[in-house]
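Below are the chains, spelled out letter by letter.
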Amino acid sequence: MVARRQAAFVQAFLDACLSHADGYGLRAAERRLAYVGAALIHGIYWFDDPLMGALRRIVAQGETVDLMHTQMTDFYAGFA
């Protein structure tokens, strides 16, 4: 019973994240994955948080997957 509720919660979270990603025009799989990953850390509404503007630009405008990875790594290194 608990496992089913946990699975339902995870599915609802993923559905909400992907719906938000769609609303922001994030159609490419790597952008959607980056959005969901950041939502796990910062909450689903992180994309609208003015303090997360740098991360939003990385996810929305990264030219390649490798560049997006490097920029996200650098972004989070600033917190360490």
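The structure we're discussing is the one just above.
Thresholds applied
Residues numbered from 1 in each chain as written. Predicted model: local features only at pLDDT ≥ 70, side-chain atom pairs only at ≥ 80, totals over all residues. Heavy atoms only, no water. Phe/Tyr/Trp six-rings, centres within 6.5 Å; stacked < 30°, edge-to-face > 60°. Helix = DSSP H or I, 4+ residues; strand = E, 2+ residues; numbered from the N terminus. Buried < 20%, exposed > 50% of the residue type's maximum accessible area, 1.4 Å probe, protein only. Core = buried A, V, L, I, M, F, W, Y, C linked by side-chain atoms within 4.5 Å. Salt bridge = Lys/Arg side-chain N within 4 Å of Asp/Glu carboxyl O. Axes fitted to C-alpha atoms, helices over the stretch in contact; angles between N-to-C directions. Parallel < 35°, antiparallel > 145°, perpendicular 65-115°, else oblique. Left-handed = near helix turned anticlockwise from the far one by under 90°. Contact = heavy atoms within 4.5 Å.

A. Molecular detail of the packing of aromatic side chains. Here the structure, examined in full by the defined rule, presents 6 aromatic pairs. For the pair tyrosine 35 and phenylalanine 47, a centre-to-centre distance of 5.6 Å together with 65° between the ring planes defines the contact as edge-to-face. Within this pair, whereas tyrosine 35 is found in helix H2 (residues 29–42), its partner phenylalanine 47 is found in the loop between H2 and helix H3 (53–61), the two being separated by 12 residues in sequence. Taking relative accessible area as the criterion, tyrosine 35 reaches 0% and is therefore assigned buried. When the centroid spacing of 5.0 Å and the interplanar angle of 85° are considered together, the rings of tryptophan 46 and phenylalanine 47 count as edge-to-face.

B. Just the nonpolar core, in detail. Membership of the largest hydrophobic core comes to 18 residues, with the highest contact counts inside it found for Tyr35, Trp46, Leu55, Val59 and Met72. Within the residue set of this core, elements represented by two or more residues are helix H1 (2–23), H2, H3 and helix H4 (65–77).

C. Focus on the pattern of salt bridges. A full pass over the atoms with the stated rule returns 3 salt bridges. Among the ionic pairs, aspartate 22 bridges to arginine 27, the shortest N-O distance being 3.5 Å. Arginine 56 is the partner of aspartate 48 in a salt bridge, and the nearest nitrogen-oxygen pair spans 3.7 Å. Residue class for aspartate 48 comes out partly exposed when judged on its relative accessible area of 48%. Given a relative accessible area of 32%, arginine 56 falls into the partly exposed group. What emerges from the salt-bridge pattern is a single network uniting Asp22, Arg27 and Arg32.

D. Representation of the packing of H3 against H4 in the model. Following both chains from N to C, one finds H3 and H4 inclined at 170°, their axes separated by 9 Å at the closest point. One element, H3, and the other, H4, form an angle in the roughly antiparallel class. In this structure, H3 meets H4 at a crossing whose hand is left-handed. Contacts between H3 and H4 involve Ala54, Leu55, Ile58 and Val59 from the first element and Met68, Gln71, Met72, Phe75 and Tyr76 from the second.

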